[in-house]
Amino acid sequence: MRDLGVGFGYLFKGQRWVARHGRQYGFGLIPGLITLVLYLGVLVALFVWGPELVTWATPFADDWSDGWASTVRAVFTVLLYALSLLAMVLTFTAMTLLIGQPFYEALSERVDRDVSPDGTAAVSDLPLLRELWISGRDSLRVVIRAALWGLLLFLLGLIPVVGQTVVPVIGFFVTGFFLTEELTAVALQRRGVELRKRLELLRSRKLLVWGFGTPLAVAFLVPVVAVLLMPGVVAGATLLARDLLGEETRGNEDTATDTATGAGTATGTDRATA
């Protein structure tokens, strides 16, 4: 059970790191804000043109009585809104990471340099477009896996009592696992760790992953919260990735140097091993 608390602790360590490095926090907010504006635009468009879209998609109701046609189309409109909101919540992190790949790569690398005993960090030698392609491809694979789990949980949710109590809790744990995969991928992909290996690493430390990701799954239900937390979450996920790989970490609690200068100093030592 210790891993559960350790994983939760990385959330706070990441937030403390960006709190000490204010410029990096502002830098890390940019991708989330871009994604939020895009999603809000889509949401507004849905509310404006959603009823017309439903009317166009349900020509079979044209010959029904006004009461039945209006009722059925109202139900479909509500479903469209609900499913769209769910899709936005599920894809917000993946989309933010995709848009913010260069931002979060830089942020994650600075965290690595700050806490690494020798002040160095793994650097990808792949071109930016190649990195974006790999990130987008892997994110799609993860989203498909998450969608399959979502479908299974939806079907289980139809079971009386269990579906309204146990299944939602399981859903948060499943979402937390996939959120952690997406977030640690920033640091692990930079180290050349492929998706299959990343999943193996996460499965080997499920309590650690759940301790980090499950609270995020709850917090990220509100996209604005996700935007504000994202820089610290990326920093915390970098520390968690080092833990998964058994890499030594120095004084990440006490480091006070802005890593943007590339010259962090540590006043204490801390070892995070698997």
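Residues numbered from 1 in each chain as written. Predicted model: local features only at pLDDT ≥ 70, side-chain atom pairs only at ≥ 80, totals over all residues. Heavy atoms only, no water.

**Student:** Just to check I follow, could you spell out the overall build of the protein chain for this structure?
**Tutor:** Across its full length, the protein chain holds nine helices and zero strands. If you list the helices and strands of the protein chain from N to C, you get α-α-α-α-α-α-α-α-α. The buried share of the protein chain, taken over its 274 residues, is 43%. Long-range contacts, defined as pairs at least 24 residues apart, comprise 76% of the intrachain contacts of the protein chain with a sequence gap of at least 6. Split by element, the accessible area of the protein chain, about 13900 Å² in all, is 71% carbon and sulfur. (Helix = DSSP H or I, 4+ residues; strand = E, 2+ residues; numbered from the N terminus. Buried < 20%, exposed > 50% of the residue type's maximum accessible area, 1.4 Å probe, protein only. Contact = heavy atoms within 4.5 Å. Areas by Shrake-Rupley, 256 points an atom, 1.4 Å probe, with all protein chains shown as cover.)

**Student:** Please explain the packing of helix α1 (residues 2-20) against helix α2 (residues 22-57) as it appears in this structure.
**Tutor:** The geometry of a pair of packed helices is captured by two quantities: the angle between their axes and the separation between those axes. It is the contact of α1 with α2, at a shortest axis distance of 5 Å, that shows an interaxial angle of 110°. Of the possible angle classes, the one that applies to α1 and α2 is roughly perpendicular. Residues Trp17, Val18, Ala19 and Arg20 of α1 lie in contact with α2, whose contacting residues are Gly22, Gln24 and Tyr25. Of the residues assigned to the contact of α1 with α2, the class counts are four nonpolar, two polar and one charged. (Axes fitted to C-alpha atoms, helices over the stretch in contact; angles between N-to-C directions. Parallel < 35°, antiparallel > 145°, perpendicular 65-115°, else oblique. Nonpolar A, V, L, I, M, F, W, Y, C, P; charged D, E, K, R; others polar.)

**Student:** Quick question: what am I supposed to make of empty space enclosed by the protein here?
**Tutor:** Think of a ball as big as a water molecule: rolled over the atoms, this probe shows where empty space is left. Summed over the entire model, instances satisfying the criterion amount to one cavity of 30 Å³ or more. If you go around the largest cavity, the residues you meet are Leu97, Gln101, Ser135, Asp138, Ser139, Val142, Glu181, Glu182, Ala185, Val186, Gln189 and Arg198. At the level of secondary structure, the elements contributing two or more residues to the lining of the largest cavity comprise α5 (128-156) and α6 (162-190). Counting residues per element, the lining of the largest cavity draws most heavily on α6, which supplies five residues. A per-class count over the lining of the largest cavity returns four nonpolar, four polar and four charged. (1 Å grid on protein atoms, 1.4 Å probe; cavity = no way out; pocket = protein on both sides within 12 Å on 5 of 7 lines; lining within 4 Å. Points joined across faces, edges and corners; volume = space filled by probe spheres on them.)

**Student:** Is there a simple way to think about the packing of aromatic side chains in this case?
**Tutor:** The way to describe two aromatic rings as a pair is by their centre distance and the angle between their planes. In this structure the tally under the stated criterion is seven aromatic pairs. On the numbers, 5.4 Å between centres and 85° between planes, the contact of Phe173 with Trp210 is edge-to-face. Of this pair, Phe173 sits in helix α6 while Trp210 sits in helix α8 (residues 206-219), placing them 37 residues apart in sequence. On the accessibility criterion, Phe173 (32% relative accessible area) is partly exposed. The ring of Phe27 is capped by Arg110, whose NZ or CZ atom sits 5.4 Å from the centre of that ring. (Phe/Tyr/Trp six-rings, centres within 6.5 Å; stacked < 30°, edge-to-face > 60°. Lys NZ or Arg CZ within 6 Å of the ring centre and 35° of its normal.)

**Student:** Even after reading the chapter, I still don't get the pattern of salt bridges, so can you show me in this structure?
**Tutor:** Pairing between side chains becomes possible if they bear opposite charge and their charged atoms approach one another. Inspection of the entire model under this criterion finds ten salt bridges. Close ionic contact of Asp112 with Arg190 constitutes a salt bridge, the shortest N to O distance being 2.8 Å. In this pair, Asp112 sits in helix α4 (residues 101-115) while Arg190 sits in helix α6, placing the two residues 78 residues apart along the sequence. Take Arg190: its relative accessible area is 4%, and that puts it in the buried class. (Salt bridge = Lys/Arg side-chain N within 4 Å of Asp/Glu carboxyl O.)

**Student:** I keep staring at the nonpolar core and nothing clicks. Help me out?
**Tutor:** In globular proteins that are soluble, nonpolar side chains generally tend to be buried together. Within the largest apolar cluster, 46 residues are counted, with the highest numbers of intra-cluster contacts made by Tyr10, Tyr104, Leu183, Phe212, Leu216 and Phe220. It is helix α9 (residues 223-244) that contributes the most residues to this core, ten residues altogether. Core analysis: the next-biggest nonpolar cluster, separate from the first, contains five residues, Ala187, Val193, Leu201 and Ala241 among them. (Core = buried A, V, L, I, M, F, W, Y, C linked by side-chain atoms within 4.5 Å.)

**Student:** Quick question: what am I supposed to make of a positive patch on the surface here?
**Tutor:** Taken together, the side chains of Arg145, Arg196, Arg203 and Lys206 make up a positively charged region of the molecular surface. In this structure, Arg145 sits in helix α5. (Patch = residues over 30% accessible without salt bridge, like charges linked within 9 Å, V, L, I, M, F, W, Y side chains within 5 Å. Lys, Arg positive; Asp, Glu negative; His and termini not counted. Charge placed at Lys NZ, Arg CZ, Asp CG, Glu CD.)

**Student:** Quick question: what am I supposed to make of a nonpolar patch on the surface here?
**Tutor:** A cluster of nonpolar side chains, Phe60, Trp64, Trp68, Val75, Phe76, Leu79, Leu83 and Leu86, forms an exposed patch at the surface whose accessible area comes to about 850 Å². As for its position among the elements, Leu86 is in helix α3 (residues 66-99). Taking relative accessible area as the criterion, Leu86 reaches 46% and is therefore assigned partly exposed.

**Student:** Got a minute to help me understand the packing of α4 against α9 in this structure?
**Tutor:** Look at α4 against α9: their axes get within 9 Å of each other, and the N-to-C directions meet at 50°. It follows from the interaxial angle that α4 and α9 lie oblique. Viewed along their axes, α4 and α9 form a crossing whose handedness is right-handed. Between α4 and α9, the contacting residues are Tyr104, Leu107, Ser108, Val111, Asp112 and Val115 on the first element and Met230, Pro231, Val234, Ala235, Thr238, Leu239 and Arg242 on the second. Residues of the contact of α4 with α9, tallied by class, amount to nine nonpolar, two polar and two charged. (Left-handed = near helix turned anticlockwise from the far one by under 90°.)

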